[in-house]
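Here's the letter readout for the chains.
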Amino acid sequence: MSTAPVPSVPSPRAAPGVDVLAGLRAHPRLLLTPERVTELQALAGGDPQCAAFIAA
Amino acid sequence: MPLPTRRLDGVKRFRLLAASREVLSRVLTLGVSWRLHAKPAWGDRLISEINSVLAFSDWHPDHFLDTAEMTAAVAIAYDWMDHELDAATRARWRQGLVNLGLIPGSNDDAWWVAAHNYWNQVCHGGMIIGTLAVAEDEPEVAQRFLRRAYTHVPTALAAYAPAGVYPEGPTYWSYGTSFTVLTVAALESALGHDGGICASPGFRASFTVVAQSHGPTGPAFNYGDFGLGIGRSGPHLWAARRWQQSELAQRAWPAFAAWLENPPAFANDSLGDRFLALALIWYTPVCQPASALPATCIARGGKVELALLRTQGDDPNAAFVGFKAGMLQVNHGHLDLGSFVFEVDGVGWAHDFGMEKEIYDRNDSWALDQESARWHFLRAHNYGHNTVTIGGHLQQVSGMARLGATAGGADRAHAVLGLSPPTRIRLSTSSAGSP
């Protein structure tokens, strides 16, 4: 595994006054970040399973 | 392949869900392909898909799963295609997301908002992804939806506590958990945190329980309204990556490898294949895990309890016994206390029939009282399960049976379940293969 787990943050974040949008990143920001795209493209170069997955 | 149309499917209860899922599948597949390779045809088709569904009169909010899945699909497309759209198109897409997805989902009194089951996970998940997509332009809407979700999603996540057994069975674990994984992944990629979801008691453990509930020949212990299996489980790849649990990826990967060797012409969405492209996002090289999944899993203390015993972790000829305890009054549940599955030497000798399709076509088969029409179906009551029927009676829906004494070791394990006195069932496995 190459990615360190992201720590779970304590709840609740619904408290009044808390900006629940703090840290909002620019598009594209949902699920597949530009950094992850770069990682997958690099993985596909040396990992046959990843390359097959992308090709499929 | 034609563009989506607003066609409702069903016999007695009509849904847009098939169309919503098809659009989500296409958005994810076209979108991931386009993000990785940027072939213009894929981006063009993705734009055409979204333009089609934005022309719908509505996304069938009467059955809000339909709206939630469509909202997630359009939101992901809006986010991923951001740099490809001109300002007018972006505004039109954003307005469509708000009018067709978010406004219909803004009623705080909708029953799913505080539901205890997978509806909560799917519907809040769709709304969270929708609001994260438009957050900088609709900050008040986004703040409101996120606050509401942080308040009410824990109600559904309580179902995983304490040991990770999802009461509604593996199929609905897969549906609800897929959307919770989507929610966490979207929160982390957009805001840098998971909103506390991953710390919910039993949530992480549930991935191990589901992996262990699959017998050596492949099928899972299919209690409740359950189909063939959870198939290619992208959430397990996500979990393996998030918590660095290689053993989960190792257990999940063979289903993907088989698919890659012989991909079907069309995805089989009954196996959750609309999320297949997400599995690529969560892909991680499968390596030898530091530790194998343990042979014995005793998951107790929740609404449903499971005893899952096997002689060898990954041996296809291992003996495997799973049986079920706990409560009966759970959504998608059956009268199946004490029901068991059994495999040995690569043969499944005792399985559960799983879901009854006609239950889904009726409106009167969802009540969980003793007189419910639900218990007219063989697959739903104790006559149709591998359990004892005492005095010819149906099991009492208000009943409960907790696992008793259990023990698990390297060469022998057992678990005891007391049903109604004086009947008791004892099932065990041993390394000699003589359960």
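Analysis parameters
- Residues numbered from 1 in each chain as written.
- Chains lettered and ligands numbered in written order.
- Predicted model: local features only at pLDDT ≥ 70, side-chain atom pairs only at ≥ 80, totals over all residues.
- Helix = DSSP H or I, 4+ residues; strand = E, 2+ residues; numbered from the N terminus.
- Buried ≥ 20, exposed ≤ 12 C-beta atoms within 10 Å, placed from the backbone.
- Contact = placed C-beta atoms within 7 Å.
- Nonpolar A, V, L, I, M, F, W, Y, C, P; charged D, E, K, R; others polar.
- Domains from an automatic or database assignment.
- pLDDT = per-residue confidence, 0-100.
- Core = buried A, V, L, I, M, F, W, Y, C linked by C-beta atoms within 7 Å.
- Axes fitted to C-alpha atoms, helices over the stretch in contact; angles between N-to-C directions.
- Parallel < 35°, antiparallel > 145°, perpendicular 65-115°, else oblique.
- Left-handed = near helix turned anticlockwise from the far one by under 90°.
- Pairing = 2+ DSSP bridges.

**Considering the overall build of chain A**
Move 1: The helix and strand inventory of chain A stands at two helices and zero strands.
Move 2: For chain A, the proportion of its 56 residues judged to be buried stands at 18%.

**Topic: the interface of chain B and chain A**
Move 1: Between chain B and chain A, the contact holds 47 residues from the first and 34 residues from the second.
Move 2: Listing elements by their share of the side of chain B that touches chain A, those giving two or more residues are α1 (17-37), α3 (64-80), α5 (118-134), α6 (139-157), α7 (170-191), α9 (234-242), α10 (246-261) and α11 (276-281) of chain B.
Move 3: For the side of chain B that touches chain A, the element with the highest residue contribution is α6(B), accounting for eight residues.
Move 4: Here the residues of the side of chain B that touches chain A sort into 28 nonpolar, 10 polar and nine charged.

**Notes on the domain arrangement of chain B**
All names here are of chain B.
Move 1: According to the domain assignment, chain B contains domain 1 (17-281) and domain 2 (296-430).
Move 2: Centre-to-centre separation of domain 1 and domain 2, based on C-alpha positions: 29 Å.
Move 3: On the domain 2 side, the residues contacting the 24 residues of domain 1 number 33 residues.
Move 4: Counted by class, the side of domain 1 that touches domain 2 contains 12 nonpolar, 10 polar and two charged residues.

**Observations regarding the confidence of the model for chain B**
All names here are of chain B.
Move 1: Residues with a pLDDT of 70 or more make up 92% of chain B, whose mean pLDDT is 88.
Move 2: This model gives residues 422-435 a pLDDT under 50, and the stretch forms 37 contacts once residues within four places in sequence are excluded.
Move 3: Predicted complex metrics record ipTM = 0.86 and pTM = 0.89.

**Things to note about the nonpolar core**
All names here are of chain B.
Move 1: Membership of the largest hydrophobic core comes to 133 residues, with the highest contact counts inside it found for Ile76, Ala77, Ile129 and Ala186.
Move 2: Each of domain 1 (17-281) and domain 2 (296-430) contributes no fewer than three residues to this core.
Move 3: Not counting residues up to four positions away in its chain, the partners in contact with Ala77 are Val27, Gly31, Leu46 and Ile50.

**What to know about the packing of α1(B) against helix α2 (residues 40-54) of chain B**
All names here are of chain B.
Move 1: Orientation of α1 relative to α2, taken along the N-to-C sense of each, is 155 degrees, at an axis distance of 9 Å. The angle between α1 and α2 places the two elements in the roughly antiparallel class. Between α1 and α2 the crossing geometry is left-handed. Of the residues in α2, those touching α1 at Val23, Arg26, Val27, Leu30, Gly31, Ser33 and Trp34 are Trp42, Gly43, Arg45, Leu46, Glu49 and Val53.
Move 2: Of the residues that constitute the contact of α1 with α2, the class distribution is seven nonpolar, three polar and three charged.

**Let's talk about the pairing of strand β1 (residues 296-299) of chain B**
All names here are of chain B.
Move 1: As judged from the four bridges shared by β1 and strand β2 (residues 304-310), these two strands associate in the antiparallel manner. Bridge pairing in β2 places Ala299 opposite Leu306.
Move 2: Counted between consecutive antiparallel strands, the loop separating β1 from β2 contains four residues, among which Gly301 sits at a positive phi close to 105 degrees.

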